[in-house]
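Next come the chains, spelled out residue by residue.
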Amino acid sequence: MQPELTLPAPAPAAGSRTEARERAARQRRLGVAGARAAVLAGFLGFWELAARTGVVDPFNFSQPSRIWAQIWQWTTHGTAQGSLGEQIGYTLYEALTGWVIGVVGGVLLGIALGRVRFLADVFGPYIKVLNAIPRIVLAPIFLIWFGLGPASKVASAVVLVFFPVFFNAFQGAREVDRNLIANARVLGASNRQLTVRVVVPAATSWIFTSLHVSFGFALIGAIVGEYIGATKGLGLLVAAAQGTFNAAGVYAAMTILAVVALFTEGLLTFAEKRLFRWKPADSGDGR
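Residues numbered from 1 in each chain as written. Predicted model: local features only at pLDDT ≥ 70, side-chain atom pairs only at ≥ 80, totals over all residues. Heavy atoms only, no water.

**Comments concerning the overall build of the protein chain**
Inclusion rule: A run of H or I in DSSP counts as a helix once it spans at least four residues, and a run of E counts as a strand once it spans at least two, with each numbered from the N terminus. The classification of residues rests on relative accessible area computed with a 1.4 Å probe and restricted to protein chains. Under 20% of the type maximum is buried, over 50% is exposed, and intermediate values are partly exposed. A 1.4 Å probe and the Shrake-Rupley method give the accessible areas. Residues count as covered only by the protein chains that appear here.
Helices and strands together make up the secondary structure of the protein chain, namely eleven helices and zero strands. Along the protein chain, helices (α) and strands (β) appear in the sequence α-α-α-α-α-α-α-α-α-α-α when read from the amino end. The buried share of the protein chain, reckoned over its 287 residues, is 34%. Carbon and sulfur atoms provide 67% of the accessible area of the protein chain, an area that totals close to 18000 Å².

**Side note on a positive patch on the surface**
So the rule is basically this: Think of a patch as exposed residues, more than 30% relative accessible area, with no salt bridge, where like charges cluster within 9 Å and nonpolar side chains (Val, Leu, Ile, Met, Phe, Trp, Tyr) cluster within 5 Å. Within this document, salt bridges are pairs made up of a side-chain nitrogen of Lys or Arg and a carboxyl oxygen of Asp or Glu, the two lying within 4 Å of each other. Lys and Arg are tallied as positive, Asp and Glu as negative. Neither His nor the chain termini are counted. Where a charge lies is defined by one atom per residue type, namely NZ (Lys), CZ (Arg), CG (Asp) and CD (Glu).
Among the surface-exposed residues, Arg-23, Arg-26, Arg-29 and Lys-273 lie close enough to one another that they form a single positively charged patch. Positionally, Arg-29 belongs in helix α1 (residues 14-52). Residue class for Arg-29 comes out exposed when judged on its relative accessible area of 54%.

**Overview of the packing of aromatic side chains**
Test applied: By convention, a stacked pair of Phe, Tyr or Trp rings (six-membered ring in the case of Trp) has centres within 6.5 Å and planes under 30 degrees apart, an edge-to-face pair has planes over 60 apart, and any other such pair is tilted.
Evaluated as defined, the whole model comprises eleven aromatic pairs. Each ring, one from Trp-99 and one from Phe-215, has its centre 5.7 Å from the other, and the planes form 85°; the classification is edge-to-face. Here Trp-99, found in helix α4 (residues 84-115), pairs with Phe-215, found in helix α9 (residues 191-228); they are 116 residues apart in sequence, far enough to count as distant. On the basis of relative accessible area, Trp-99 is assigned to the buried category, the value being 14%. Here a set of aromatic residues connected by ring pairs shows up, and it is made of Phe-162, Phe-163, Phe-166, Phe-167 and Phe-170.

**Structural notes on the packing of α4 against helix α5 (residues 117-132)**
Applicable threshold: Only the stretch in contact is used when fitting a helix axis, every axis being a line fitted to C-alpha atoms; angles between N-to-C directions are given from 0 to 180 degrees. Working rule for angles: under 35 degrees goes down as roughly parallel, over 145 as roughly antiparallel, 65 to 115 as roughly perpendicular, anything else as oblique. Contacts are residue-level and defined by heavy atoms, with any inter-residue pair within 4.5 Å sufficient. The residue classification treats Ala, Val, Leu, Ile, Met, Phe, Trp, Tyr, Cys and Pro as nonpolar and Asp, Glu, Lys and Arg as charged. All others, Gly included, are polar.
Contact pair α4 / α5: the axes reach a minimum separation of 6 Å and the direction vectors enclose 125°. In terms of orientation, α4 and α5 fall into the oblique class. Of α5, the residues touching α4 (which contributes Leu-109, Ala-112, Leu-113 and Arg-115) are Arg-117, Leu-119, Ala-120, Phe-123 and Ile-127. Its residues placed into classes, the contact of α4 with α5 shows seven nonpolar, no polar and two charged.

**Comments concerning a nonpolar patch on the surface**
A cluster of nonpolar side chains, namely Val-116, Phe-118, Val-122, Phe-123 and Tyr-126, defines an oily patch on the protein surface of about 530 Å² accessible area. Following the sequence through the fold, Val-122 ends up in helix α5. For Val-122, a relative accessible area of 35% puts it in the partly exposed group.

**Quick look at the pattern of salt bridges**
Taken as a whole and assessed by the stated rule, the structure comprises two salt bridges. The shortest N-O distance in the salt bridge between Glu-48 and Arg-52 comes to 2.6 Å. One end of the pair is Glu-48 and the other is Arg-52, both in helix α1 and four residues apart, which spans about a single turn. Here Lys-232 and Glu-86 are joined by a salt bridge, their closest N and O atoms 2.5 Å apart. Within this pair, whereas Lys-232 is found in the loop between α9 and α10 (234-243), its partner Glu-86 is found in helix α4, the two being separated by 146 residues in sequence. Given a relative accessible area of 27%, Lys-232 falls into the partly exposed group.

**With respect to the side chain of Thr-264**
Applicable threshold: Any pair of nitrogen or oxygen atoms within 3.5 Å is treated as a polar contact; in protein, a donor-acceptor pairing is required on top of that, and neighbouring residues in sequence qualify only through side-chain atoms on both sides.
Structurally, Thr-264 is set in helix α11 (residues 247-275). Overall, Thr-264 belongs to the buried group, its relative accessible area being 12%. Polar side-chain contacts of Thr-264 include one of 2.8 Å to the backbone oxygen of Ala-261.

**Considerations on helix α3 (residues 64-77)**
Heads up, the condition is: In a helix, the anticipated span is given by 1.5 Å times the number of residues less one.
If you check α3, its first and last C-alpha atoms are 20 Å apart, about what 14 residues at 1.5 Å a residue would give, namely 20 Å. Looking one or two places after α3, you find Gly-78, whose phi comes out positive at around 80°.

**Here's the deal with helix α7 (residues 150-174)**
Our working rule: To get the bend at any residue, fit one axis to the seven residues that end at it and another to the seven that begin at it, then take the angle between the two axes.
Compared with the 36 Å implied by 1.5 Å per residue over 25 residues, the 36 Å span of α7 between its first and last C-alpha is a close match. Largest kink in α7: about 25°, centred on Phe-162, with the proline Pro-164 one to four residues after it. Of all 25 residues in α7, 19 are buried; the element is thus mostly enclosed.

**Side note on the side chain of Ser-156**
With respect to the secondary-structure elements, Ser-156 resides in helix α7. Residues contacting Ser-156, with those up to four places away along its chain left out, are Ala-139, Phe-142 and Gly-221.

Okay, here's the thing in structure tokens:
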């Protein structure tokens, strides 16, 4: 009697493995989102409870319910300076304008100095000196130069955005693979073609890294400028609330600003993923 042959179990299909990975990734995203929501709810609940029981002074520290009531009042009845949407739009206009100018200037000058060593040697010391100046203190100077309008806030945003973008673009241009540049030269690429088709694409990831941080700096520049002197904007709401000892108003304006910053950060992340679809995704194996 011949022994019965046992066939090996079929290997799992590639499609099933892919579905399992996608399901695990989806479950992890849901778990992370749930944990974040739980942390936020716990923090707000503790804050509200501490304010209601007198552990913290609600006059100085306010409480989440008062902050929400202030946001709702601004949304439904407007602010003393106009509608809430107008204040948000005014601040966003200043921040976006300053961000675009700072990014363009930082990228162009960073790539130029990264490619031409003579320019880097000439302008390097001056850029280091300007970078060493606390740029927030320039906001009052810009207010004197450009007045209470949006130009002074745009200038404050530009000086905060320019330097992180510049240094990343400069370093990205310097870190391009020398073998890649040598091969492009062997193929007959001119200096212009080398910069546009090799250096700039290679430095793009460096530049995008700075964009996430720099937009937050642009918002800071706009808010600080509005706080010092303005006719509209979220910074003016903070200053007005502080002047009337309205802690809920200060926190409400900060909350609105945080939501705006998170929304723009999401847009930048989406654009980066679309632009760098060729890059491998993070495995997310870390626990």
